[in-house]
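Residues per chain, in single letters:
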Amino acid sequence: MSLVIAFGIRLLLVALFLPFSAMDKIVNFRGAVGQAGEIAPSRTLARALIFAGLAVEIVMSLGVLTGVADRMAALVLAGYCMATAVLWKRFWAQGDFAFTGPSKGRDLFWDFLKNFALAGGFLLVTFGTTAASVDRFFADPFGSTHPYSLAETQP
């Protein structure tokens, strides 16, 4: 049961990216490029951003799921969540942030916060849950947390 729970928690962390967001970028490639075009000065750069996003979403999600270099994979996904929040969830640019009634700015604000909350979950995988466990990441950033080991690890 412990292995199922460990896998389930990691699956919940990456489910947004693998398969859903990655599949959406593939199936709706033109729309994804259009959205990337909101910040990219050229269509070529917008396409490159989508391909880079696909690579991050697939490869890093697999790293978190399998435990292969999962700490670095989680760090990359945390950065990806924060970058996408700042670049595409710009609630401050809407000009209609209202506390009552319809507000595109407020809707984007919640998406912005969700991205940062998800980044926090990935940072827990990266650095652990204690101050003492942070050193383990810096000692071996490409190492694994061995998420499916049944043996307790020492700090």
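Structure first, text after, so check above.
Because the structure is predicted, anything quoted here is derived from the model rather than measured.

Visitor: Describe the overall build of the protein, and please don't skip the residues or the numbers.
Guide: A tally of helices and strands in the protein yields 7 helices and 0 strands. When the helices and strands of the protein are placed in sequence order, the string is α-α-α-α-α-α-α. Principal-axis analysis of the C-alpha atoms gives the protein an extent of 50 × 35 × 30 Å. The buried share of the protein, taken over its 155 residues, is 34%.

Visitor: Now, about the pattern of salt bridges: what can you tell me, with residues and values included?
Guide: Where side chains of opposite charge bring their charged atoms close, a pairing between them can arise. The tally for this structure, following the rule as stated, stands at 2 salt bridges. For Lys25, the salt bridge identified is with Glu57, shortest N-O distance 2.9 Å. In this pair, Lys25 sits in helix 2 (residues 16–27) while Glu57 sits in helix 4 (residues 43–66), placing the two residues 32 residues apart along the sequence. Looking at Glu57, the relative accessible area reads 1%, which means it is buried.

Visitor: Now, about the packing of helix 1 (residues 2–14) against helix 6 (residues 104–127): what can you tell me, with residues and values included?
Guide: Close contact between helix 1 and helix 6 brings their axes to 10 Å; oriented N to C, the two are set at 140 degrees. What the angle tells us is that helix 1 and helix 6 run oblique. Crossing of helix 1 over helix 6 shows left-handed handedness. Contacts between helix 1 and helix 6 pair Arg10, Leu13 and Val14 from the former with Leu118, Gly121, Phe122 and Val125 from the latter. Here the contact of helix 1 with helix 6 is composed, by residue class, of 5 nonpolar, 1 polar and 1 charged.

Visitor: Account for the packing of aromatic side chains, with residues named and values stated.
Guide: This model, assessed by the stated rule, comprises 13 aromatic pairs. The interplanar angle of 70 degrees and the centroid separation of 5.8 Å between the aromatic rings of Phe17 and Tyr80 together place this pair among those described as edge-to-face. Of the two residues, Phe17 is situated in helix 2 and Tyr80 in helix 5 (residues 70–88); the sequence distance between them amounts to 63 residues. With respect to burial, Phe17 and Tyr80 carry one shared label: buried. Grouping aromatic residues by their ring pairs yields a cluster made of Phe91, Trp92, Phe109, Trp110, Phe112 and Phe116.

Visitor: So, the nonpolar core: which residues are in play, and what are the values?
Guide: One broad trend across soluble globular proteins is that nonpolar side chains are buried collectively. One finds Val14, Phe17, Val64, Leu77 and Phe122 to be the most contacted residues of the largest nonpolar core, which totals 17 residues. Elements represented by at least two residues in this core include exactly helix 1, helix 2, helix 4, helix 5 and helix 6. Within the second largest apolar cluster, 6 residues are counted, among which are Val33, Ala36, Ala40 and Ile50.

Visitor: Summarise a nonpolar patch on the surface; cite the residues concerned and give the values.
Guide: Where nonpolar side chains cluster on the molecular surface, the patch consists of Met1, Val4, Ile5 and Ile9 and spans about 460 Å² of accessible area. As for its placement among the helices and strands, Val4 is situated in helix 1. Residue Val4 is classed as exposed on the basis of its relative accessible area of 57%.

Visitor: Please provide a residue-by-residue account of unusual backbone geometry, values included.
Guide: The peptide bond linking Leu18 to Pro19 adopts the cis configuration, its omega dihedral lying at 20 degrees. Positionally, Pro19 belongs in helix 2. The backbone phi angle of Ala69 is positive, close to 50 degrees, even though this residue is not glycine. Along the chain, Ala69 turns up in the loop between helix 4 and helix 5. Despite not being glycine, His146 shows a phi value in the positive range, around 55 degrees. Tracing the backbone through its elements, the reader meets His146 in the segment after helix 7 (131–139).

Cut-off values and rules
Every chain begins its residue count from 1, and numbering advances along the sequence as written. Per-residue local features are limited, in this predicted model, to residues with pLDDT of at least 70; the limit for side-chain atom pairs, both in listing and counting, is 80 or more; totals at the level of whole chains, interfaces and linings are taken over all residues. Where side-chain values are given, they derive from all heavy atoms of the structure, hydrogens and water being excluded. Secondary structure counts use DSSP, requiring at least four H or I residues in a row for a helix and at least two E residues in a row for a strand, with both numbered from the N terminus. Throughout this description, buried means an accessible area under 20% of the type-specific maximum (1.4 Å probe, protein chains only), exposed means over 50%, and partly exposed covers the range between. A pairing counts as a salt bridge when a side-chain nitrogen of Lys or Arg comes within 4 Å of a carboxyl oxygen of Asp or Glu. With axes taken as lines fitted to C-alpha atoms, and helix axes fitted only over the stretch in contact, angles between N-to-C directions fall between 0 and 180 degrees. Note on angle classes: values under 35 degrees are labelled roughly parallel, values over 145 roughly antiparallel, values of 65 to 115 roughly perpendicular, and the remainder oblique. A crossing counts as left-handed when the near helix is turned anticlockwise from the far one by less than a right angle, and as right-handed when that turn is clockwise. Only heavy atoms matter for contacts: two residues are in contact if any of them lie within 4.5 Å across the pair. Each residue gets one of three labels, nonpolar for Ala, Val, Leu, Ile, Met, Phe, Trp, Tyr, Cys and Pro, charged for Asp, Glu, Lys and Arg, and polar for the others, Gly among them. Classification of ring pairs uses Phe, Tyr and Trp, with its six-membered ring standing for Trp, and accepts pairs whose centres are within 6.5 Å; under 30 degrees between planes counts as stacked, over 60 as edge-to-face, and the remaining range as tilted. Residues belong to one nonpolar core when they are buried, are Ala, Val, Leu, Ile, Met, Phe, Trp, Tyr or Cys, and are joined through side-chain atoms within 4.5 Å. Patch membership needs two things, relative accessible area over 30% and no salt bridge, and members are linked within 9 Å if like-charged or within 5 Å if nonpolar (Val, Leu, Ile, Met, Phe, Trp, Tyr). All accessible-area figures derive from a Shrake-Rupley calculation using a 1.4 Å probe, and residue coverage is judged against the displayed protein chains alone.

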